[in-house]
Structures are given as C-alpha cells and as structure tokens.
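A structural walkthrough
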Amino acid sequence: MGEFKVHRVRFFDYMPSAIRALAFQPQREKIAVARTSGSVEIFNCADRFFQEKIIPGREQAATEALAWVGDRLFSAGLNGVISEYDLENQKVKYTIDAFGGPMWTIASNQQGTHLAVGCEDGTVKLFEVCEGKIQFEKNLAKQKGRILSLSWHPSGSRIVAGMMDMIRVFNTETGQSVHRLLVERGIGASRSVECVVWGVVYLSDGTIISGDSSGKVKIWDDLTGTLIKSHQVTKWDVLALSVSQDETSVVAGTSEGTVVQFQFLSVVLGQEDKEWVQTRIFKNHTHDVRAVLELGTAVVSGGMDTQFVVRPLLDKIEERGPECVLRKIQFPHRSLVSCAKKAGLLLFQYPGHLELWRLGESDGHGASGSVLPVKRKPEKLLHLKIKGEEHICCSAVSPCGEWIAYSTVASFRLYRLHCDNNNVSITKVSKLPKVLSSANQICFSSDSSKLFAASTCSSVHVVSLSQTVHKFVCTLKPKSGETLLTTAVHLLAASEDGKWLASANSDREVQIYNLTKMKLHSTVPVYNSGVTAMAIHPTTNNLFMVHADQQVFEYSIEEKKYTDWSRQVQRNGLHYLWLARDTPVTNVTFNPKNPTHIILHDAYMFCIIDQTLPLPDSSSQFYNQLTLRSLPEKDRTKHSHAFKMCKTFKELMFVELMEDQSLVAVERPLVEIAAQLPAPVRQKKFAT
C-alpha cells in the first residue's frame, strides 16, 4: 500500500443545517430535502439515494414546506413567498408573494392542477398550476388562527387544515368550512397551553389522521366529524405525518427523535374489520424529527440532528440487496474542499464565506501510526466573506495557489492571491468575460493557466489566465449541431498535461473535450448510475470513474474505449463488501510515483486500488491495513488483493495526495457535529 506522511486536518468546521421538509416524487423516485439554510437537495431513491442536485440557499429565506407537481418543485417559507425551482440549472426559477404573511405549509392535489398554502393570517390560498407559472385562484374561508398543516383529499374536492386547538375541513369548490374538529389539549398544567396540530393526512375513505403537540396521533371520521381513536405516542410533540401510497401505513415523527409507524390491520384474525394499530418505533435520531416520508419499502426521516435517514422496512423487501441498508447521510455527496497541491493550501467552502489554510510542516520521521513533531503549525491565511444574500454553490483554488474562484447563483468572482512571507493580500479581478455570470462547477488546469466554468446546458466556458489579461477562449458544448443537453454539470476533471477535460452531468452523461482543438472528443457510454467522482490519470490519460452504485470504470480517452482492466472488473464483478458500502466515493486521485495506484475515499474509509494485484474474490476479506499488517506473513499474502482499505481516520470529507507525496485527510468527526447541536428534549432515564 505504501507509507505516507499524513496531514490529519480537523480545522474545517463544517456544520450541516437541520432538515425542515421532505417531499417525494413517486414517478421518478426523487426526494426533495429542504434545510434551514434555505438550500434544497434532490436525492435519487433508485440510485442508492445519491444526492444528484443541490440548489444553494440564501440568507433569510428558510423553507418551511415542499411540494411536487409532476416534475416541478415548489416551496413555501416564512418570508411569505412561494418559489418554483429550476431543477435543470439548480436555482430558483421565480417567486410569487402570496400576500398572507408567513407560510407554514404547502400541498398539491393528486391531479396536479392546484397548490394550497397555509398562511399566518388564517387563510388557505389556492393557486392554479399553469404552464411555466402559478396563478392565484381564491382564498378559502378565513380562520382566526394560523394554518400550520394541510392535506388534500385524493379526489381534490376537500382540504383538511391543521390549526391551533382545531382541525378544519374545507370544500374546495365553495371555499367554505364543512367541519370543525376540536382537538383536546394536554393533561394538567398543559391544559392552559394551546394544542398545535403539526400534521394532517386525508385518506380516500374519508379518514383524517392528525398529529399534535399533546403527543397524540388521532384518527377522525370526516363524514360525522367525530374522533374514532387516539394514540398517545410521546410526551412531547408529534411534528410530522406521512402516509404510504396504498394508504395502509402512516408514520409520525416526534420531538423525542422517534418515528412511530401505524398500520391498517385486522385486529381479529379472519375478520375483515380493520383499524389503525401502532406497530413499530424507530429510534434513529437524537433530536426533533421535523419531516418523514413513508415510501412503502422504507421510512425516510430528517430533523434537527441534520441526518437524512433511510430506514428500510425489511418485511416489504423481497430480495436482500442495497435497499436493505440503513443509511444515515450527513455529508454532501460532493467535495467542499479544494486543494492547491503545489502550494500546500486548502480552500474550505462554507455557505457564506471561504477559508484558505496553509498546511503545517514536520521534518521528523517515525514508525507507522506515530505522531510526528510539528515544525510549523497550520495557518489560516484568508477569510473571504461574500457579499449579498446568495450562498456559495461552488469554489476552487488553483494548483499553484495564486487564484481563487467562487460562484453563487447570481455572480462569479475571481481573486488573485499574493503571498509574501507572512503577508497575504488578495486582489479581485474586476474585468471578467461576460459569459462568466455564474457557474455550477469550477476547475483549473494543472498549470493554472486556464479556468473552466461549467454553465447551463452542460456547456463549459474556458478562460485563459495571466497576470494582466483574462481572455475568454471558447465555450465547450456537448453536442454541436444537435439538440443540446439541458442538465447542469456537477463534476469537472482536467488532465495533468492540459490536453483533456472531462465533465459529468446529472443525466449520467460524461463528455470528454480535446483542449488542443477545443471541441468534443468523445462521449463515455452512459451507465445507469450517476458519477460521484472522477479524475484523469496523469501518465496514461485514462479517465477513472466511480458511480453511486459503487461500480468503478476506467476509460481510455485516446482509444475511446474501456481499458482491459476495467473490462476485467466488469467480467469478474466487485466484492460484495465493496458494493454494500452505503456512502459514495467523493474524490479520486493518483500517485505519480506509482502509476498503478488509484487513491479514492468515501466518508468512512480511503482505499488504494493496486491494478497490478488480483481482484478480490467472494471469499476475500476487506481487512483494514493495520489489521492486515499484524497477521503472519503467510496469512498476509493469502489475503492480499487489489483493494487496500484504511479505516484509521474519522469521518472523511476530503483526501488528496500533495506534490511532496504527503497525504491530506480532512476529517469531520460526527461527535463534533453533535456537540454543536442544540440540546434535545429532556428524556427521563432509569435511575436519574
């Protein structure tokens, strides 16, 4: 595997935002996730819950609720506006003021013709969904309290609204309230506190299910307006509800961090009479569960502890496979760290600022695993705060460390860095080419002479950089003379010799451009899983790609075909332990001194693939390298194969090999993230 001097970096204080809302699109199997930072993320359920897209947030624009209408995504928030998102270019398409004050909830009917929003002023507002826009239609009968939750009847003729101390049922044709269901308050001292109906679900048989701040899930009959049954599931709040598509299962998220499942079952064997019965309790969160989804085969939840949790329902899954894995997604599925290999600098991307750090130095030597004496401590060189309300969507530092670029949805910025011993200054490049209005991804050439900025329609702008003039060279487009692709590029990789550039978009297409001729060279055959990481080998110019389903491919750029090694991997198949990993590879790099070594990492391990060694068979073990080293020589040779795993480090956000052959590992332990969270609700524990 080789030995490296490792910089264990823990000064990237990345802090994910809490999850506020979830919405499921069943036809395309996509989940939209809204966070308190205002960002919206799109996960593909059919592709190992890969995070395909991230729409950056902005200051003072937190999202409270999400709703899909076909392939269109809408949100509502406490800023009082409804937003529709441009999912292709990953930005807000437009906003419209509902003129009802802060909005707490948004819901669409099954027909896809209308949106309903619940407002602070007590109105439920209906909007007609038109092509390319939405249009206000009418207000339903105004109420005295705020509207906190909404659910449409599958027929679209009625809407149920959760409020303070009551539930209202509205006729959407007349706009009038047809039922008022009074919600019982808590017991004792809590009787003086209003009961908040946080979630409601309207079923096709007329059953209404509600969750409220008294900790109860209640079943109602909308025909008579009466309570059928009440389930006390927690001493605290029930914050969210979700029903399966077949309406046989409902899940509820609570303030205690639990998710409670109810199923519509026959209580007496052999009888057809059914009722809602509490069947399971899942404890995968430490804090409030603010949003839940019942997908049929899994329960998805998120909340204040920032984790996106996928809990499989094993009794609903026929075959054992990747869908049986419990997933806890904490980090984004793309890198927030950029590295200047030649200068020994790291650029950290936060939502509202960038930090540039110089790595420390050590001239000592020691045994494997030992801590070396520090000659020079790591140093923070720059704290670059962005102007405006938009959050950063991408950033990069050049390999030489002289250029820093970042982009928001609305603007692109390029800076030149001047380092003179301990004095650091920065100069903003004022006259940039007009095509650089914004970018989805940024990359520099290995000699820092060119800047590549991924733009709309999968195109890439090329700009030459010098000390005096910054000239627009050309725009690389995926298909000249044919229908252009519309999806955004999420990965860029430039070759070491400056001849090639590879781009990958969210439609799983990988384009390779010839930078000498400045035109499309080839398109990699489309694979049925998204690319999570890729890089071009510095000596062979082969493109190495890792996909969300953990498959690896090596593509010869010059020969326009997969390499023999790649074909051998596909013939033999990868080890089941490798394929069973539940976090995607987010970075690929190479060791120039050993061209057969490929270095890659996910959140929990980094791996060196040695292409000269045999692939592991089904009986092979994936030993940690320190464990393998402790085995006798005979056993060590027996267990040796191409995949060299290392799980020494805490949760990894970035791993890169520097020019001086030292390895940088940026760690962000989950315990440190948990320590920065607010205190959870106090729970009585035994003997305390």
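See above for the structure.
This section reports on the structure supplied with the text.

The rules we used
- Residues numbered from 1 in each chain as written.
- Predicted model: local features only at pLDDT ≥ 70, side-chain atom pairs only at ≥ 80, totals over all residues.
- Heavy atoms only, no water.
- Helix = DSSP H or I, 4+ residues; strand = E, 2+ residues; numbered from the N terminus.
- Rg over C-alpha atoms; globule rule 2.2 N^0.38 Å.
- Buried < 20%, exposed > 50% of the residue type's maximum accessible area, 1.4 Å probe, protein only.
- Contact = heavy atoms within 4.5 Å.
- Areas by Shrake-Rupley, 256 points an atom, 1.4 Å probe, with all protein chains shown as cover.
- Lys, Arg positive; Asp, Glu negative; His and termini not counted.
- Charge placed at Lys NZ, Arg CZ, Asp CG, Glu CD.
- 1 Å grid on protein atoms, 1.4 Å probe; cavity = no way out; pocket = protein on both sides within 12 Å on 5 of 7 lines; lining within 4 Å.
- Points joined across faces, edges and corners; volume = space filled by probe spheres on them.
- Nonpolar A, V, L, I, M, F, W, Y, C, P; charged D, E, K, R; others polar.
- Pairing = 2+ DSSP bridges.
- Core = buried A, V, L, I, M, F, W, Y, C linked by side-chain atoms within 4.5 Å.

Concerning the overall build of the protein chain
Helices and strands together make up the secondary structure of the protein chain, namely 5 helices and 55 strands. The C-alpha atoms of the protein chain give 27 Å as radius of gyration, which agrees with the globular expectation for 688 residues (26 Å, within 12%). The dimensions of the protein chain, computed from C-alpha atoms along their principal axes, are 75 × 65 × 50 Å. Burial status across the protein chain gives 57% buried among its 688 residues. For the protein chain, contacts bridging at least 24 residues in sequence account for 48% of all contacts bridging at least 6. As presented, the protein chain carries roughly 30300 Å² of accessible surface, and 49% of it is formed by carbon and sulfur atoms. In the protein chain, which carries 77 positive and 71 negative side-chain charges, the distance between the mean positions of the two groups comes to 4 Å.

Quick notes on the layout of surface pockets
Of the voids in this model, the second largest pocket is the one considered here, and its volume is about 1500 Å³. Contributing to the lining of the second largest pocket are 50 residues, with Leu 66, Ala 107, Ser 108, Ser 242 and Leu 293 lying nearest its centre. For the lining of the second largest pocket, the secondary structure elements donating two or more residues are strand S2 (19–25), strand S6 (63–69), strand S10 (103–108), strand S14 (149–152), strand S18 (197–202), strand S22 (238–243) and strand S26 (289–294). Residues belonging to the lining of the second largest pocket are distributed by class as follows: 30 nonpolar, 15 polar and 5 charged.

Re the pairing of strand S36 (residues 412–420)
Here strand S35 (residues 403–407) runs beside S36; their pairing, made up of 5 bridges, is antiparallel. By the bridge assignment, Ile 404 is partnered in S36 with Tyr 415. Sheet analysis places S36 next to strand S37 (residues 423–428), joined by 6 bridges and oriented antiparallel. Across the sheet, the residue bridging to Asp 420 is Asn 423, located in S37.

Topic: the nonpolar core
Residues Phe 544, Trp 578, Val 588, Leu 600 and Phe 643 are the most contacted members of the largest nonpolar core, which totals 22 residues. For this core, the secondary structure elements donating two or more residues are strand S46 (531–536), strand S47 (542–547), helix H1 (564–572), strand S50 (587–590), strand S51 (597–601), strand S52 (606–610) and strand S53 (643–646). With sequence-adjacent residues up to four places away left out, Phe 643 is seen in contact with Leu 574, Trp 578, Cys 607, Ile 608, Ile 609, Leu 615, Pro 616 and Phe 622.

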